[in-house]
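Topology and contacts: notes
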Amino acid sequence: MIDKFCFLSEANYPNYVKRIKEFNIKRFLELDLNIPFYITTNLKEEFKEYDNHPLIRVYDINDLRSYNSKSLINEPLPEDPIGLYPARYPWNLRRFIMRKAVEDGYTALCFLECDTKVHDSVNKEELTSRLVRLYEPNTVKTSAGRFVYKTRHEGQELFYYHQKYIDDLNLNFSEDDYDTLDGTNQLFFGKDKESLINFFNNWDVIADYGYEKPYGYKTGYLSNLSFVIPMSGYKLIHTETPFVTHHVFEDRY
């Protein structure tokens, strides 16, 4: 089962390249895991020290999305990132590195942000055991925040346009199905390759829709996942995970 697992992250711009190396990748290497680590970046040349590493796989984001002309237009990464974080950053770009891992045969995707890593108290054997126990087909799991649609408050930005989406797209899910999750650790477990490809196809649809409409969520990927999860027949589960986050807000541009 563990051979279906991979770690993933995205590290665009120098501050986040530095953070992922010093925090996330450092811990990954300490554990000497036999699990691949997929990374997407707009600074691939800054990861040259891993060129010969058998498990660290670094991809240029524009190569990954070269087939998707709408993303290239709607989700730019400007040369100067000042003022980009957090509201203008195209957070939905992470779907491309996850799709790549699925195309390579992995169906248990552990997406960790640059400032998230395996907890220092967890050793290699315990990590492997916990990951296998966490796997549940067609679920999205996290120990980060869960945002509950049913208890949303008026004007809550995360769910502000949901009714317009529901009406436009003729969605008929229960209110309980529109919950979503924070982004520090997100675990996507598919029953097979096809179910995950369908998940990312739906993510493409919802991301594109957000830029087509004046009331679209655009960069709001947590809002988007609120739709993508039920559309794909997945279930969101909040649970304990072996990961820990340490935000360094000075990283933001």
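Residues numbered from 1 in each chain as written. Predicted model: local features only at pLDDT ≥ 70, side-chain atom pairs only at ≥ 80, totals over all residues. Heavy atoms only, no water.

1. Some words on the pattern of salt bridges
Any two side chains of opposite charge can pair, given that their charged atoms come close. On inspection of all chains with the given rule, the structure shows 19 salt bridges. The salt bridge partner of R19 is D251, with a shortest N-O separation of 2.7 Å. Within this pair, whereas R19 is found in helix α1 (residues 14–31), its partner D251 is found in the segment after β11 (243–245), the two being separated by 232 residues in sequence. Ionic pairing is found between K26 and E30, a salt bridge with its closest N-O pair at 2.8 Å. Residue K26 and its partner E30 are located together in helix α1, separated by four residues, close to a single helical turn. Accessibility expressed as a relative area gives 45% for K26, which makes it partly exposed. In this structure, a network of salt bridges that share partners links the residues K26, R27, E30, K117 and D120. (Salt bridge = Lys/Arg side-chain N within 4 Å of Asp/Glu carboxyl O. Helix = DSSP H or I, 4+ residues; strand = E, 2+ residues; numbered from the N terminus. Buried < 20%, exposed > 50% of the residue type's maximum accessible area, 1.4 Å probe, protein only.)

2. Regarding the sheet that holds strand β4 (residues 108–112)
In spatial order, the strands read β3-β2-β1-β4-β9-β6-β10; together these seven strands make up an open sheet with mixed pairing. Sheet topology places β3 (56–60) and β10 (235–238) at the edges, where each strand pairs with a single neighbour. Averaged over all pairs of adjacent strands, the angle between strand axes in this sheet comes to 20 degrees, irrespective of strand direction. As paired elements, strand β1 (residues 5–10) and β4 share four bridges and run parallel to each other. Counted as the bridge partner of F5 is A108 from β4. Together, β6 (139–142), β9 (185–189) and β10 form the strand contacts of helix α8 (residues 221–231), whose direction differs from that of β9 by roughly 20 degrees. (Pairing = 2+ DSSP bridges. Axes fitted to C-alpha atoms, helices over the stretch in contact; angles between N-to-C directions. Contact = heavy atoms within 4.5 Å.)

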